[in-house]
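# Breakdown of the fold
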Amino acid sequence: MSNPIASASLAGAPAHATQQQPGRLALLVMLSGTFMVVLDFFIVNVALPALQADLRASTGTVQMVVAGYGLANAAGLITGGRLGDIFGRRRMFMLGLLLFTLASLACGLAPNGDVLVAARVLQGMAGAVLQPQVLAMIALVYTGESRAKAFGAYGLALGLGAALGQLIGGVLIHLDIAHLGWRSCFLINIPIGVAGLLLAPRFIPPLANTGASRLDLVGMLLAAAGSVAVVLPLVEGRQQGWPVWSIAMLVAALPLLALFAWYQRWLAARGGAPLVAPALLAHRRFVRGLLATLAFYVGNASLYLVLALYLQQGLHIAPMHSGLVFTAMAVGFFLASMGSARLAKRFGGAPIARGALLLAAGHVLQLGNVLWGGQHMLALMVPILFVQGLGLGVVMAPLVSAVLAGLPPQHAGVASGVLAMVQQTGNALGVALIGLLFYGQLHGAVTPAAYADAFAASLVYLTVSALGVALLYRRLVRVGA
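Below, the structure is looked at part by part. (Residues numbered from 1 in each chain as written. Predicted model: local features only at pLDDT ≥ 70, side-chain atom pairs only at ≥ 80, totals over all residues. Heavy atoms only, no water.)

## Some words on the packing of aromatic side chains
With the rule as written, the count across this model stands at 10 aromatic pairs. Ring plane angle 90° and centroid distance 5.1 Å describe the contact between Phe296 and Tyr297, whose orientation is recorded as edge-to-face. On the basis of relative accessibility, which here comes to 3%, the residue Phe296 falls in the buried class. Given the relative accessible area of 5%, Tyr297 is considered buried. Pairing Tyr310 with Phe455 gives two aromatic rings, centres 4.8 Å apart and planes at 15°, and the pair type is stacked. Highlighted residues: Tyr310 in helix α13 (residues 301-314) and Phe455 in helix α19 (residues 448-478), separated in sequence by 145 residues. Residues Tyr310 and Phe455 agree in their burial class; the two are buried. Ring pairs connect the aromatic residues Phe42, Tyr304 and Phe326, which therefore count as one cluster. (Phe/Tyr/Trp six-rings, centres within 6.5 Å; stacked < 30°, edge-to-face > 60°. Buried < 20%, exposed > 50% of the residue type's maximum accessible area, 1.4 Å probe, protein only. Helix = DSSP H or I, 4+ residues; strand = E, 2+ residues; numbered from the N terminus.)

## Comments concerning the nonpolar core
Nonpolar side chains tend toward joint burial in soluble globular proteins. Core analysis: the biggest nonpolar cluster contains 117 residues, and Phe93, Ile138, Phe286, Phe296, Met381, Leu404 and Phe455 have the highest contact counts within it. Broken down by element, this core gets its largest block of residues, 13 residues, from α19. Among the nonpolar cores identified, the runner-up in size contains 19 residues, and Ala110, Leu116, Ala119 and Cys185 belong to it. (Core = buried A, V, L, I, M, F, W, Y, C linked by side-chain atoms within 4.5 Å.)

## Focus on the pattern of salt bridges
Using the criterion set out here, one finds 3 salt bridges in the structure. A salt bridge links Arg89 to Asp85, with the nearest nitrogen and oxygen atoms 2.5 Å apart. The buried category is assigned to Arg89, whose relative accessible area is 1%. Relative accessible area serves as the criterion here: at 0%, Asp85 is assigned to the buried category. (Salt bridge = Lys/Arg side-chain N within 4 Å of Asp/Glu carboxyl O.)

## With respect to the side chain of Thr34
By the element assignment, Thr34 lies in helix α1 (residues 24-55). Setting aside residues up to four positions removed in sequence, Thr34 forms contacts with Leu130, Val134, Tyr154, Ala157 and Leu158. (Contact = heavy atoms within 4.5 Å.)

Next comes the structure, spelled out in structure tokens:
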């Protein structure tokens, strides 16, 4: 007999009227993994100066502490989603959580830079196994209003992990618990991971796999190669002055991804089990939703980057205090995410476009504040960050739900992996583009006025990105869905 939950579509229609849905604790356990994976993208930025001094690490090693995590994560997301489809989502969630916890312990105990880089790569790979399972489980085990609330909570975990990463890292380093210093930024994952591993078997339902028994190894390698060819030069290229290898990798990315798509169609035509079913990429709503997602995430991590640079290097605010400024955005994000289910129920898909317009308005207000706020600029920045957080919160969770809506359950894991990879690629592309703009505007100057001009130029870019999300969602998701 088939699993009644696994027989439901991702649109949220219940497979069985009496199917009991997991409670809040199950959702909390799922989201603990998501929060840790996102947090470790951002918390490490605060720890870099301290760990570099303590481990006597080179600049290249420090860069790989950041890039190795993101690359390993991006390269494995599609495969991680497929593993959930084959072997079961709860099982792969727990495996990913276990590996992530062990890798975090290795990071916290690393005796030198090389060990730390290797542990960060393992962290990224473990996160790639863990992340897609969370989205897939939410899409499959929750229905109706509960599903909208669950996606709202998922968006909240994403946003708070990003917005609070710098604050949490700054506080941990400042407190210097047990003289651990920067190591506490990684060791904080241990109790969260252990608690999740103990609670998951009890509260997360065992979702049956889809019956697929083979992993497409060639497709896995092509997908990983294509992902690395896109993300690595975007992460490292600007910092190294766009060397020849970075341009060559970007040029090679398109044929690699085209070869991957061709191989998936060829394998499916021969009756094989491709990593990504061609039918999934033929789903117009899904593909259009991915484009809107890319546009949104191009302006997501880049906002956190330029804001941190402006506060710490332009205004010379300490990391912990700049983290407190980020809290205003986190509060706005929290409130919007908590209300996203209610907004989606009232307006359908409209909150995404409205939220993107609100975000664009927040960027414009911040632009005016930076240019003409004068001595009150920092005080005015806080409430405007709250508005920007509201816009981010209104968009993020409903967008995830809209992209996955209506997909058949056998594609839940790999679709979540593709979505997560697009999010990662958008973040990397956005950071690369805004880095070019921000540092290009500085022209080597280090004065507060120069940093203000660079931040203002970045806000113009972010405004265009937010307006693009509103336009793409209306034209590419709602129309012809």
